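In case you want the letters, here they are:
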2 protein chains.
Amino acid sequence: MKNYNKTRIIYVGKVPVGGNHPVSVQSMTNTDTRDIHATIAQIRRLIEAGCEIIRVAVPDMDAANAISVIKNAISIPIIADIHFDWRLAIKSIEKGADAIRINPGNIGGYEKLQKVVQKAKEFYIPIRVGVNSGSLEKDIREKYGVTPEGLVESALRNVAMIVDMGYENLKISLKSSDVLTTIKAYRLISQKTDFPLHLGVTEAGGLVPGTVKSSVALGSLLMDGIGDTMRVSLTRDPEEEIYVGYEILRATGLRKRGPEIISCPTCGRCEINLFNLADEIEKRVKTIKVPLKLAVMGCVVNGPGEAREADLGVAGGKGIGIIFKGEKILKKVSEENLINEFWEEVQKLIDEKESNNK
Amino acid sequence: MKNYNKTRIIYVGKVPVGGNHPVSVQSMTNTDTRDIHATIAQIRRLIEAGCEIIRVAVPDMDAANAISVIKNAISIPIIADIHFDWRLAIKSIEKGADAIRINPGNIGGYEKLQKVVQKAKEFYIPIRVGVNSGSLEKDIREKYGVTPEGLVESALRNVAMIVDMGYENLKISLKSSDVLTTIKAYRLISQKTDFPLHLGVTEAGGLVPGTVKSSVALGSLLMDGIGDTMRVSLTRDPEEEIYVGYEILRATGLRKRGPEIISCPTCGRCEINLFNLADEIEKRVKTIKVPLKLAVMGCVVNGPGEAREADLGVAGGKGIGIIFKGEKILKKVSEENLINEFWEEVQKLIDEKESNNK
């Protein structure tokens, strides 16, 4: 069986999704959408963090009406997330949403869906057909249970319904809170359709369990060439979702944003406060967009030898530290000056890299 | 090509590694090994967190001598981690180490290695042949570069050398700080040997990047049936390594320890402080060892419907919350009583499950 690794291309606002385009990183606001100021402020923070597409919940007409003002104030496309009430979808589209996300199964039946599709067609904006393991149609649940096959059947049925209505500007998501179900469902559907796929594990949980679940599921799919856009879902500030999203893309070799820090876990050999040093460096590099590889090592065992592939590194000794570049030691400095001296070298390197790129 | 999914079985102390035995979760202390009290205290905390095998750094003779006292005070096997000095390996074995980890390439040549192997044989303790991308032999680096093939060649050469010395009580690790190199190296070696494999990504970094890298690499390998024991490496308190390790095993469907919390990321629909609620529940469940699935949901959209597979769940409304079990609503409570009422139900459920298991 063939994977449709090369999916069709759709556009969410100006962002291409599908084909050979880079896997885009999305998030969803958790502000009250009707609180326009708070929502805009959060989206701007998310953009700084690297968010490329933003979704907002539209639970009522006031939220739908807020979309036009929010959209005007931000530089990335906005997706309206709608459940139950088809009129909210219509209003969101009229107010300028760059796409809508619906679960066709809960929008109120065939005729309501038709009206929504008609309106999306009129404004030529994509629809994400978002199926969730928690809300499968009754007949599918009876036939398949909550299984990958059931998720795929539900999505394909809904997509076929919309295609029959004459609209193909679509992407698909199949979400489950279970990692193995998620992986199997996306693998299966990628063999059956070439519509672009939005990846995610739903209700993944807090920072650590949510990051693990998203990394295992999305990592595995992305390495198989499956997935065109993604959202990491965490019970946390959405900026963390963006951070984790890019780390998954980096780990799978697909995209790099900003520096990578390799740092050792420390052990009985370590004689400096490496955790503070690594934390401080992690904080400082968050504003840097140039891809760099920095090493923060506790001792000489893991020092310049193990970390020679880093652009720049620091390794601890007894109350001192060395700063190295490849296998070459640049300088030895006292522990209290280590962070500043290292940071100076990082700045130099960034300047070098940036002038090389000119 | 065949994966040796079924590896040979070795014993690290009383813990079987390989074959169909569960993938064990290890960590490494970051205390000064010579500080016996601090090291024992850290290992005891790690055991509480679920650590099954512990490794300690042995940088000098005092550290090697400390092993016997530490070993007597703990209930899990202890591995001595040795670099450069073969005499530290000999001493660690004599002091009761349940296994040693060496990188045969840096232990001082063939004859020194032979002495170490002879001593391990005498005490019948396993040797982990631990190859790292940062310390490949020069000829291998020249021939292969720092590649998966180079890592595998180095490991197999060292293993063959020890097998030729008449000792086969071995396990292998191939560590790189790069996720794709790690995955390829372990896949390759799993086709070429049936010695048990210790999985890990080295110098993975801080909590988020380190968790992502370990989850993508170990997740992918474990789902392919590769890996017999594992250590997540984080620049963090080692207890976090254990926590992440078990989350990876849970996500890949291999092992469950304690409750799983599925929780939504919240959105504009959420009218209660879900982050606090989820954090508080996450904290409270850390002491529970019974596997449970708990749902913490912001609103009715994701409420009992989406989370019906949970054993017990809570969903927010406007200043109130509902507590549900499957699709059945147990009670409605005010936001301030939510955590305590929910916790009461959790306790009841645990009692039920435990009495069923008797």
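Above this text you will find the structure in question.
Below you will find a few notes about this structure. Since we're looking at a predicted model, the values are computed, not measured.

Concerning helix H10 (residues 274-285) of chain B
Since the α-helix turns once every 3.6 residues, residues separated by three or four places project in the same direction. The end-to-end C-alpha distance of H10(B) is 16 Å, a good match for the 16 Å that 12 residues give at a rise of 1.5 Å each. Among the structural elements, helix H8 (207-223) of chain A together with helix H9 (238-251), strand S11 (260-263), strand S12 (293-297), strand S13 (312-316) and helix H11 (335-356) of chain B are those in contact with the buried residues of H10(B). Where H10(B) starts, the residue carrying a side-chain oxygen 3.5 Å from the main-chain nitrogen of B:Phe275 turns out to be B:Asn273.

Quick look at the environment of A:Asp81
By the element assignment, A:Asp81 lies in strand S5 (residues 78-82). Separated by 26 residues in the primary sequence, A:Asp81 and A:Arg55 place their C-alpha atoms 6.5 Å from one another. When sequence neighbours within four positions are dropped, the list of residues in contact with A:Asp81 reads A:Met28, A:Arg55, A:Val56, A:Ala57, A:Val58, A:Arg101 and B:Arg269. Polar contacts involving the side chain of A:Asp81 include one to the side chain of A:Arg101, which spans 3.2 Å.

Observations regarding unusual backbone geometry
Residue and element names in this part refer to chain B. A positive phi angle, close to 45 degrees, is found at Tyr124, a residue other than glycine. Residue placement: Tyr124 occurs in the loop between helix H4 (110-123) and strand S7 (127-132). Residue classification places Tyr124 among the exposed residues on the basis of a relative accessible area of 60%. Its identity is not glycine, yet Thr266 carries a phi of approximately 65 degrees, on the positive side. Note on placement: Thr266 falls in the loop between S11 and H10.

With respect to the nonpolar core
Among soluble globular proteins, nonpolar side chains are generally buried collectively. If you look at the biggest cluster of nonpolar residues, it comprises 154 residues, and the most contacted ones within it are A:Ile100, A:Leu174, B:Ile100 and B:Leu174. Setting aside chain neighbours within four positions, we find B:Ile100 in contact with B:Ile79, B:Ala80, B:Ile82, B:Ala89, B:Ile93, B:Val116, B:Ile125, B:Pro126, B:Ile127 and B:Arg128. The next biggest cluster of nonpolar side chains, apart from the first, holds 33 residues, and it includes A:Ile262, A:Ile272, A:Ile281 and A:Ile323.

Here we look at the relation of the copies chain A and chain B
What relates the two chain copies is a rotation about an axis together with a slide along it. Each copy superposes on the other: chain A lies on chain B with an RMSD of 0.0 Å after a rotation of 180 degrees and an axial shift of 0.0 Å. Seen this way, the second copy is the image of the first under a two-fold rotation axis. In terms of proximity to the rotation axis, the leading residue of chain A is A:Val216, whose C-alpha is 2.5 Å off the axis.

As for the sheet that holds strand S10 (residues 229-231) of chain B
Residue and element names in this part refer to chain B. The eight strands lie next to each other as S8-S7-S6-S5-S4-S3-S10-S9, forming an open sheet whose pairing is parallel. The open sheet terminates on both sides in strands that have one partner only, identified here as strand S8 (170-175) and strand S9 (198-199). With three bridges connecting them, strand S3 (residues 24-28) and S10 associate as parallel partners. Note that in S10 the partner of Gln26 across the bridge is Arg231. The sheet strands contacting helix H3 (residues 86-94) are strand S5 (78-82) and strand S6 (99-102), and the helix crosses S5 at an angle near 170 degrees.

Some words on the pairing of strand S15 (residues 328-334) of chain A
The side chains of a regular strand alternate, residue by residue, between the two faces of the sheet. Sheet topology places strand S14 (residues 320-325) of chain A next to S15(A); six bridges connect them, and they run antiparallel. Bridging across to S15(A), A:Ile320 finds its partner in A:Ser334.

Things to note about the sheet that holds strand S15 (residues 328-334) of chain B
Residues and elements named next belong to chain B. Here five strands make up an open sheet; going across it, the order is S11-S12-S13-S14-S15 and the pairing mixed. Looking at strand neighbours, the two that pair on one side only are S11 and S15, the edges of this open sheet. Direction aside, neighbouring strands of the sheet carry axes that sit 20 degrees apart on average. Relative to S13, S12 is paired through four bridges, and the arrangement is parallel. Counted as the bridge partner of Val296 is Val314 from S13. Packed onto the sheet, H10 meets S11, S12 and S13 and runs at close to 160 degrees relative to S12.

Reading the values: rules and limits
- Residues numbered from 1 in each chain as written.
- Chains lettered and ligands numbered in written order.
- Predicted model: local features only at pLDDT ≥ 70, side-chain atom pairs only at ≥ 80, totals over all residues.
- Heavy atoms only, no water.
- Helix = DSSP H or I, 4+ residues; strand = E, 2+ residues; numbered from the N terminus.
- Expected span 1.5 Å × (residues − 1).
- Contact = heavy atoms within 4.5 Å.
- Polar contact = N/O pair within 3.5 Å; in protein donor to acceptor, adjacent residues only side chain to side chain.
- Buried < 20%, exposed > 50% of the residue type's maximum accessible area, 1.4 Å probe, protein only.
- Core = buried A, V, L, I, M, F, W, Y, C linked by side-chain atoms within 4.5 Å.
- Least-squares fit on C-alpha atoms with pLDDT ≥ 70 in both.
- Pairing = 2+ DSSP bridges.
- Axes fitted to C-alpha atoms, helices over the stretch in contact; angles between N-to-C directions.

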